[in-house]
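Chain by chain, the residues run as shown.
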2 protein chains.
Amino acid sequence: MQFGCKYTWYFINRNNVALYILVIMKTIRNTASKTAILELITHSEVALSHVEIQKLTGDLCDRVTIYRVLERLINEDLIHKIATPDGTVKYASCHHHHDNHHHIHNHVHFSCEKCLSVTCLDSVEPSYKIPDNYLVKEVNFTLSGLCPKCI
Amino acid sequence: MQFGCKYTWYFINRNNVALYILVIMKTIRNTASKTAILELITHSEVALSHVEIQKLTGDLCDRVTIYRVLERLINEDLIHKIATPDGTVKYASCHHHHDNHHHIHNHVHFSCEKCLSVTCLDSVEPSYKIPDNYLVKEVNFTLSGLCPKCI
DNA sequence: TTGCTTAATGCAATTTGGTTGCAAATATAC
DNA sequence: GTATATTTGCAACCAAATTGCATTAAGCAA
Ligand SMILES: [Zn+2]
Ligand SMILES: [Zn+2]
Ligand SMILES: [Zn+2]
Ligand SMILES: [Zn+2]
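Thresholds applied
- What you see as residue numbers is a count from 1 along each chain, following the sequence as written.
- Key to labels: chains lettered from A, ligands numbered from 1, both in the order written.
- Totals for whole chains, interfaces and linings use all residues, but because this is a predicted model, local features are given only for residues with pLDDT of at least 70 and pairs of side-chain atoms are given and counted only at 80 or more.
- Only hydrogens and water are set aside when side-chain values are computed; all heavy atoms of the structure are taken into account.
- Donor selection uses N, O and S atoms within 2.8 Å of the metal (3.2 Å for Na, K and Ca). Since no water is included, sites may look incomplete.
- When four donors show all angles between 85 and 135 degrees the site is tetrahedral, when four or six donors have opposite pairs over 155 degrees and all other angles between 65 and 115 it is square planar or octahedral respectively, and in every other case it is irregular.
- Labels follow the DSSP assignment, with helices taken as runs of H or I lasting at least four residues and strands as runs of E lasting at least two, numbered in each case from the N terminus.
- Remark: exposure states derive from per-residue accessible area (1.4 Å probe, protein chains only) relative to the maximum for the residue type, with buried under 20%, exposed over 50%, and partly exposed in between.
- Pairing between strands is defined by DSSP: at least two bridges between the two strands are required.
- Between N-to-C directions, angles span 0 to 180 degrees; the directions come from axes that are lines fitted to C-alpha atoms, helices contributing only their stretch in contact.

**Brief notes about the coordination of the zinc ion (ligand 1)**
Residues and elements named next belong to chain A.
Moving on, step 1. The protein atoms donating to the zinc ion (ligand 1) are Cys 112 (SG), Cys 115 (SG), Cys 147 (SG) and Cys 150 (SG), with metal-donor distances spanning 2.3 to 2.4 Å.
Moving on, step 2. Coordination geometry of the zinc ion (ligand 1): the 4 donor atoms subtend angles of 107 to 113 degrees at the metal centre, consistent with an arrangement described as tetrahedral.
Moving on, step 3. In primary sequence terms, the donor set of the zinc ion (ligand 1) follows C-x2-C-x31-C-x2-C. Of this pair, Cys 112 sits in strand 6 (residues 108-112) while Cys 150 is found in the segment after strand 8 (135-146), placing the two residues 38 residues apart along the sequence.

**A word on the coordination of the zinc ion (ligand 4)**
All names here are of chain B.
Moving on, step 1. Distances from the zinc ion (ligand 4) to its protein donors, His 80 (NE2), His 107 (NE2), His 109 (NE2) and Cys 120 (SG), fall within 2.0 to 2.2 Å.
Moving on, step 2. Around the zinc ion (ligand 4) sit 4 donor atoms; with metal-centred angles ranging over 96 to 115 degrees, the donor geometry is tetrahedral.
Moving on, step 3. Mapped onto the sequence, the residues coordinating the zinc ion (ligand 4) show the spacing H-x26-H-x1-H-x10-C. Here His 80 is found in strand 4 (residues 79-83), whereas its partner Cys 120 is found in strand 7 (residues 118-121), with 40 residues between them in sequence. Exposure class is identical for His 80 and Cys 120. Each is buried.

**Notes on the sheet that holds strand 6 of chain A**
Strand pairing in a sheet takes place through backbone hydrogen bonds and is either antiparallel or parallel in direction.
Moving on, step 1. In spatial order, the strands read 7(A)-6(A)-8(A)-8(B)-6(B)-7(B); together these 6 strands make up an open sheet with mixed pairing. Of all the strands in the sheet, just strand 7 (118-121) of chain A together with strand 7 of chain B have a single pairing partner and so form its edges. Averaged over all neighbouring strand pairs, the angle between strand axes comes to 25 degrees, with direction disregarded.
Moving on, step 2. Pairing analysis gives 4 bridges linking strand 6 of chain A to strand 7 of chain A, with the strands arranged antiparallel. By the bridge assignment, A:Val108 is partnered in strand 7 of chain A with A:Leu121.

Structure, rendered in structure tokens:
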């Protein structure tokens, strides 16, 4: 069998059942849109929403492409998604700082009610205690009020 | 001057400028829709989204009315809005518990990635430290993972 | 109770945000 | 350069949320 992409075969033999498993590795490609959008997010002081990225990139690419690029950048763990208190979603780059072993984004976001900016406060780590019948996988801690510029 | 609604006059006299300010007080009304929706949210174990409220109320009122009622209930500080990590907005009643003097919602929310339920963990209070050039007015701390039922 | 005034509602239309399918374009491995 | 799978653009689609306006009804005072 031949494929143009990377792949591996796994073989399992258990209880008289033989199984060949084909694992296809999708190769990630770098494109103009992807690099430009990542640049934009990385160099931005504040987190950006989809519409903001759309305005900033002009006619670089289609709005659908922006959605798909953002999705890929998240999968590659290059950016992260932030849900602001009012329900809008913004994106910021990851300055990991990951909780070493657990790979949990555990830092505070600040959302300014006046200029609507959202910022990662990478240095601040919140602490909490929660009943242990809950399994915590992600932490999303957003403070809102007035940012230094608007105070 | 005469008005059907409540109003007050304020008078300011400063630097040779005399100013009469008319403050009109909007009277809040209780309607069937409003009481029903508040009941629903208050008695619910978990936070409810707009669509969920729509399904639960049936043809009690128009969906637009639900949006407007929710907005009013938030203004009256009877319910609060919760943005889940994926950007959907849910509503829960306020069991204040308000930071006595400051009137800040300061409690943890848990969002289950399996059953999609969102719960207020009123008893848990997160602690954090933030640069003092920020003015914090709201705290929105959402943990996500698996809830006791789904674990 | 009745009438008056303004708040709240219903409905239709519109805007906004996000998704899907498919053909065409293009990045990467060889 | 060529082959092949990934990425893109476009159009269509869908759901969520907002707006304007005419109508209804809550609450106050007589
Ligand atoms: Zn600001
Ligand atoms: Zn962040
Ligand atoms: Zn659950
Ligand atoms: Zn809550």
